[in-house]
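Architecture at a glance
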Amino acid sequence: MVTGGLVSSYLLDLGGATFQVASAWLAVAVCASLMAYYAYRTSRLMDRADPARRFWTAFGLAGAVWAAGEWAQVFAVAVDPTSAAAQTGTGLARTVALAAGCVMLSAAVLTYPIPRRSARERICYWLDLAILIMAAGTYGLYLTMSGVQLDRGNLIHELGAVAVGPMTAMLAAFAVGRLFMSGTSPFSWHVGVMAPIAAVVEGVARAVGPALARADQARWIFASALVAHALLLTVAWVQHQRYLLGPGMRRGARKRPYSRLPYFAVAATYGLLAVTLAVNGLDLRAWIALAGAIICNGLVMARQLVAFADNADLLAERDALATRLREIAFSDSLTGLANRAMFLDRLGEAMERVRRDGEISVLLVDLDDFKPVNDRFGHAAGDAVLVEVAARLRGCVRSTDVVARLGGDEFAVLLEQASPDGLSATAARIVRAIDAPCRVAGTEVRVGASVGVASARAENGDDAGALLQRADEAMYAAKVRGKGGFQIATAPAA
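Residues numbered from 1 in each chain as written. Predicted model: local features only at pLDDT ≥ 70, side-chain atom pairs only at ≥ 80, totals over all residues. Heavy atoms only, no water.

Examining the pattern of salt bridges
What counts is decided by this rule: Salt bridges are defined by distance alone: a side-chain nitrogen of Lys or Arg within 4 Å of a carboxyl oxygen of Asp or Glu. Strands are runs of DSSP state E lasting at least two residues, helices are runs of H or I lasting at least four, and both sets are numbered from the N terminus onward. Residue burial is assigned from relative accessible area. The probe radius is 1.4 Å, only protein chains are included, and a residue is buried under 20% of its type maximum, exposed over 50%, and partly exposed in between.
Overall, the coordinates contain 11 salt bridges when judged by the stated rule. Asp128 serves as the salt-bridge partner of Arg303, at 2.8 Å between the closest nitrogen and oxygen. In this pair, Arg303 is assigned in helix H12 (residues 284-330) and Asp128 in helix H6 (residues 119-147), connecting sequence segments 175 residues apart. Between Asp375 and Lys371 there is a salt bridge, and its shortest N-O distance comes to 2.9 Å. With a gap of four residues between them, Asp375 and Lys371 both fall in helix H14 (residues 371-377), about one helical turn apart. The burial state of Asp375 is the same as that of Lys371; both residues are exposed.

Dropping the structure here:
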């Protein structure tokens, strides 16, 4: 309320020059002191391990340095209220204090930890930050040029004054953007909005201050400085209140995998260009806004290209992961063959084709004398035998046929096309291959195989379950006849 009253009196040019300059810098000094106090008190409410505590401690110390500069400004006003330093706030003590405080706060920003990112995520992050900085610089330069008339006789000094506005805006955007877009910001979004506004207002006020003072318009300097420091005081007070109210009030908004700030910045730059063209036409400020918009748009395009490349990599990783998960879900981890789920899935697909035309055959293979291998040599030896059996089965059939381990020492083969040398020859080849001795733990061992064979044709009306049952019955018939043989099931009656 006090700030609003004072700012209104300056804008309405009330109270006289002495009252304005004295009240303005006294109010600014009070705001800076209270800002330092609330920032420091906020840091004391945080956990020692919280990196935000260090940031707010630095904010409080920087505020104390700024406050010292503002009280030095009050002293300068008391000595000579009509001096240029008193009118514009560009005295040596205040300038040094502002610079020192900014350095302290910048160090805290640069050392604040941000989450680890991939290389492309880091590129996108810095491009987003560059967009924000460029938009802020465009606004800073635009506002500064709006209040400065370049004097050719003192061009270097005037250009230096012009540079203050955009540089301040860009530094403020860098500080806030680096923290706010990191996903681990030490402040709420209210702070992220008000702090850069305050920095821009102060920077523009310092840039255009001498020109305003020469034009007898120092009241605008007083209003700007007071508004900037009132905003910074509000920033510190709001954050302090949020921590006083407890953890429930500290909870931020739902985190997004991206930041909207760069897009708002681009929109704001184009908005500035549109307003300038509509009001002033194609003047110098319009060219400033146009250049800023073009650069921001180029940065957005670069950011999108990096994002597209990153998305392509993510999609490739997703497809590879999906393939790997399918392999895990449908393959036997020991032998690498298809597992029961995959075999039944392929069998179901084959049965659908059989109903239209064609013929398929299933061979169920059960090992003989496998249990003694496990009992004598251990399960590791038994696993080695299973792996060897799987390899031999693959060698007995075509690459297009499905070989699966159904569980334990039971295997299956799905022949979706008739074997060139007939089912009997294929079954006999499997029996001979498995019967051959294999070396395990330095010793030759031998297991046999009993094979049951069943076929399905379109005219038989078989389903997958009936086909497997006939193959299973044939396999047990082979075992009954003696180990190391095969049995072909008879076709069902049509």
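That shown, we press on.
A short note on the confidence of the model for the protein
Put simply, the rule is: For every residue, the predictor assigns a confidence score, pLDDT, that lies between 0 and 100. It only takes one pair of heavy atoms within 4.5 Å for two residues to be counted as in contact.
On average, residues of the protein score 81 in pLDDT, and 83% of them reach the 70 mark or higher. When mean pLDDT is compared element by element in the protein, strand E3 (residues 410-415) scores highest at 94, while helix H10 (residues 247-250) scores lowest at 48. Low pLDDT, under 50, characterises residues 248-254; the stretch is placed with four contacts to residues that sit more than four places away or in other chains.

Notes on the sheet that holds strand E1 (residues 359-368)
Basically, it comes down to this: Should DSSP find at least two bridges between two strands, the strands are taken to pair. Where helices are involved, their axes are fitted lines through C-alpha atoms of the stretch in contact, as for all axes, and angles between N-to-C directions lie from 0 to 180°.
Strand order in the open sheet made by the five strands is E2-E3-E1-E6-E7, with mixed pairing throughout. Each edge of the open sheet carries a strand with a single partner, namely strand E2 (402-407) and strand E7 (485-488). Strand-to-strand, the axes of this sheet are offset by a mean angle of 20°, without reference to chain direction. The sheet contact formed by E2 and E3 spans five bridges and is antiparallel. When the bridges of E3 are listed, Gly407 appears paired with Glu410. Sheet strands touched by helix H15 (residues 379-396): E1, E2 and E3. Its angle to E3, the strand with the most contacts, is close to 15°. Against the sheet, helix H17 (residues 464-481) touches E1, E3, strand E6 (448-457) and E7, its axis set at about 145° to E6.

Points about the packing of aromatic side chains
Inclusion rule: Note on aromatic contacts: the rings of Phe and Tyr and the six-membered ring of Trp form a pair at centre separations within 6.5 Å, being stacked when their planes are under 30 degrees apart, edge-to-face when over 60 apart, and tilted otherwise.
If you walk through the whole model with that rule in mind, you get six aromatic pairs. Seen in terms of ring centroids, Tyr10 and Phe222 are 6.1 Å apart; in terms of plane orientation they differ by 70°. Their pairing is edge-to-face. Remark: Phe222 occurs in helix H9 (residues 218-244) and Tyr10 occurs in helix H1 (residues 2-11); sequence separation between them is 212 residues. The pair Tyr10 / Phe222 is uniform in exposure class, with both members buried.

Some words on a nonpolar patch on the surface
The cut-off we apply is this: Note that patches include only residues with greater than 30% relative accessible area and no salt bridge, and the join distances are 9 Å for like charges and 5 Å for nonpolar side chains (Val, Leu, Ile, Met, Phe, Trp, Tyr). The accessible surface values rely on the Shrake-Rupley method and a 1.4 Å probe; as for residues, cover is taken only from the protein chains in view.
Together, Leu26, Val30, Leu34 and Trp71 line one region of the surface with nonpolar side chains, adding up to about 330 Å² of accessible area. Looking at the nonpolar patch element by element, the count peaks at three residues for helix H2 (residues 16-44). Owing to a relative accessible area of 36%, Val30 belongs among the partly exposed residues under this scheme.

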